[in-house]
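Per-entry structural report
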Amino acid sequence: MSKEKSFKFESAMEELEKIVTQLEGDNASLEKSLELYEQGVKIAEKLRKHLDKAEQRIEVLKNNKSSSLEIEDPPG
Amino acid sequence: MTVSQNSLSVSELTLKIKSLIEPEFSDVWVKGEISNFKHHTSGHMYFTLKDKAAELRCVMFRGLNQKIKFKPEDGMDVLIQGKVTVYETRGQYQLIVQAMEPAGIGTLYLAFEALKKQLQSEGLFDPAKKTPLPKYPKKVGIVTSQSGAALSDMLNIFQRRAPYVELILRPTVVQGEEASRDIVNGIIELDRINTIDIIIIGRGGGSIEDLWPFNEELLARAISQCKTPIISAVGHETDITISDMVSDVRAPTPSAAAEISAPSASELDQIISNKLNELYNFINLQLQQLWQSLDRLSDRHAFQRPNAMIERQREVETKLTHRLSVSLKHMISINRTKIKGLVNEINALNPNDVLNRGYSIAFKGDGQIVRQENDIKVGESFVLKTGKGEMEAEKKKSLSI
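This report concerns the structure included in the present document. Quick caveat, the model's predicted, so the values are computed rather than measured. (Residues numbered from 1 in each chain as written. Chains lettered and ligands numbered in written order. Predicted model: local features only at pLDDT ≥ 70, side-chain atom pairs only at ≥ 80, totals over all residues. Heavy atoms only, no water.)

**So, the sheet that holds strand E1 (residues 28-39) of chain B**
Residues and elements named next belong to chain B. Selection criterion: What makes two strands pair is DSSP finding at least two bridges between them. Helix and strand assignments come from DSSP, with helices taken as H or I runs of at least 4 residues and strands as E runs of at least 2, each series counted from the N terminus. In this analysis an axis means a line fitted to C-alpha atoms, helices contributing only their contacting stretch, and an angle means the value between N-to-C directions, from 0 to 180 degrees.
Taken in spatial order, the five strands of this closed barrel run E1-E2-E3-E5-E4, and their pairing is mixed. Neighbour to neighbour, the strand axes of the sheet diverge by 55° on average, direction disregarded. Of the strand pairs in this sheet, E1 and strand E4 (residues 77-87) are connected by six bridges, and their pairing is antiparallel. Paired with Glu-33 across the strands is Asp-77, a residue of E4.

**Section: helix H2 (residues 9-24) of chain A**
The following threshold applies: One fewer than the residue count of a helix, multiplied by 1.5 Å, yields its expected span. Relative accessibility under 20% of the residue-type maximum defines a buried residue, over 50% an exposed one, and the middle range a partly exposed one, all with a 1.4 Å probe and only protein chains included. Directions are taken from the helix axis to each C-beta atom, and the arc is the one they span. The contact criterion used is simple: two residues touch if any of their non-hydrogen atoms lie within 4.5 Å.
For H2(A), spanning 16 residues, the distance from its first C-alpha to its last is 23 Å, which sits close to the expected 22 Å at 1.5 Å a residue. All of the buried residues in H2(A) are A:Phe9, A:Ala12, A:Met13, A:Leu16, A:Ile19, A:Val20 and A:Leu23. Looking straight down H2(A), one finds that the buried residues subtend no more than 120° of arc, so they occupy a single side. Next to the buried residues of H2(A) lie helix H3 (30-53) of chain A together with helix H11 (265-299) of chain B.

**Side note on the interface of chain B and chain A**
For interface size, the figure often reported is the accessible area lost on association. Going by this rule: Accessible surface is computed with a 1.4 Å probe, and the buried area is the amount of it that two parts give up when combined, taken over both parts together. By salt bridge we mean one thing: a side-chain nitrogen of Lys or Arg within 4 Å of a carboxyl oxygen of Asp or Glu. Each polar contact in these results corresponds to two N or O atoms within 3.5 Å; when the atoms are within protein, one needs to be able to donate a hydrogen and the other to accept it, and residues that are neighboring in sequence are counted only if both atoms are side-chain atoms. Any residue outside Ala, Val, Leu, Ile, Met, Phe, Trp, Tyr, Cys, Pro, Asp, Glu, Lys and Arg is labelled polar, Gly included; the first ten of those are nonpolar and the last four are charged.
Facing 43 residues of chain B, the contacting portion of chain A comprises 37 residues. For the pairing of chain B and chain A, the buried interface totals around 3700 Å² over both sides, and the portion due to carbon and sulfur atoms is 66%. When residues of chain B are sorted by the area they lose upon contact with chain A, B:Tyr136, B:Ile272 and B:Leu279 head the list and together hold 17% of the total. Between chain B and chain A we count three salt bridges in total. B:Lys135 is the partner of A:Glu17 in a salt bridge, and the nearest nitrogen-oxygen pair spans 3.6 Å. At the junction of chain B and chain A, the tally comes to twelve residue pairs in polar contact (both at pLDDT 80 or more). Elements represented by at least two residues in the side of chain B that touches chain A include exactly helix H5 (149-161), strand E7 (166-171), helix H6 (179-192) and H11 of chain B. Residue contributions to the side of chain B that touches chain A peak at 16 residues, all from H11(B). Looking at the side of chain B that touches chain A residue by residue, the classes come out as 26 nonpolar, eight polar and nine charged. Examined bridge by bridge, strand E1 (residues 57-62) of chain A and E7(B) share four bridges and lie parallel to one another. Bridged to A:Ile58 within E7(B) is B:Leu167.

Worth remembering: the numbers are spatial, not functional.
Shown next as structure tokens:
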């Protein structure tokens, strides 16, 4: 759970975008490009894994205390 | 000065009155009680608005009165927005009704309009003040009733589309006296949690009184001061509250708010796929370019047959060697001929050879060769050398040449 928390989805997406733009700007050596490519693929895999295994987590704040409780079936 | 010259016609006077009244009362709010209400077959509504001391003729035309959400009747207190016009043909002024609300709600409307004007002048609705929503939110805070339809709608949407989003619910009362204060506290609490990317505030549909907490100034100011972007989703599509106007984004319904707040997992998956494709295409392009330039290089003669250069050099060398040896031989043969010639020449110069061919040489007594007739006197003896043997001879006389 703490591992999951350390993974920042938004910054990972941004990182992926940055890598693509960097590659797009070419001029990079083949080694550098391949490195970027590998990095990009790794990040994309991570992002996908994160999306795949994500289960909705709902926390309810009460009296300034947060309790992590699964909400019963949404009230009709 | 005569009276007749200064008098006006009825029309002229009426027109003067009209031009004085109409610009002055082009947009007024009036409260009063309905009497003599008549909904004409033409669709227009005619009635009198009155209070204890005065009466006012009112007309509400068909196009506008179709929008009224209640049924006006005699004795009802209403709040009316409209303009005063003068009806020349009957010498009457009347109120052309633009909007009409039951008085209780009417006061709310007035308050709403006043607050809206106030906040607008302060720039709280300024589009430039709106914070854009983050593209990829991880955590969304929700301020709404824990038992309301709004929450269940939102949870459904989140579970179906974006289960990757973490939700933090701050339950609040959403109607009644305490509601706006509670919602404000909820916003402040969630705004303090740094990891929250977006806050959704809202509730399901209801009467204007039910929705009223979302029109309170206190809430408007709290929204405006909140650092986290806020989506306001109050009631149905047609309900627009002050909260909607101050918020960074207005969603027509709570469900829509859930949709707007985060891209769906499949959308994200698509985005990731696209990025991966782009990555692959770029690296592929680069590799292709490298291959091409490599091909171009290897197409060159030198690379196609790596030994060619060496071979060619060897060829050149062989040719040179050949030429060298040929020329050497040539030189030798030339020299040989030359030597032969020289030997012949030398041979030709040998005096014995000349003598052998029948010539003789005359030597004087002192060994000098006789080269002309007068080298020897008459009677002087000399030696005559032939090819084979010598003899002594004597000059008898000179012969003329």
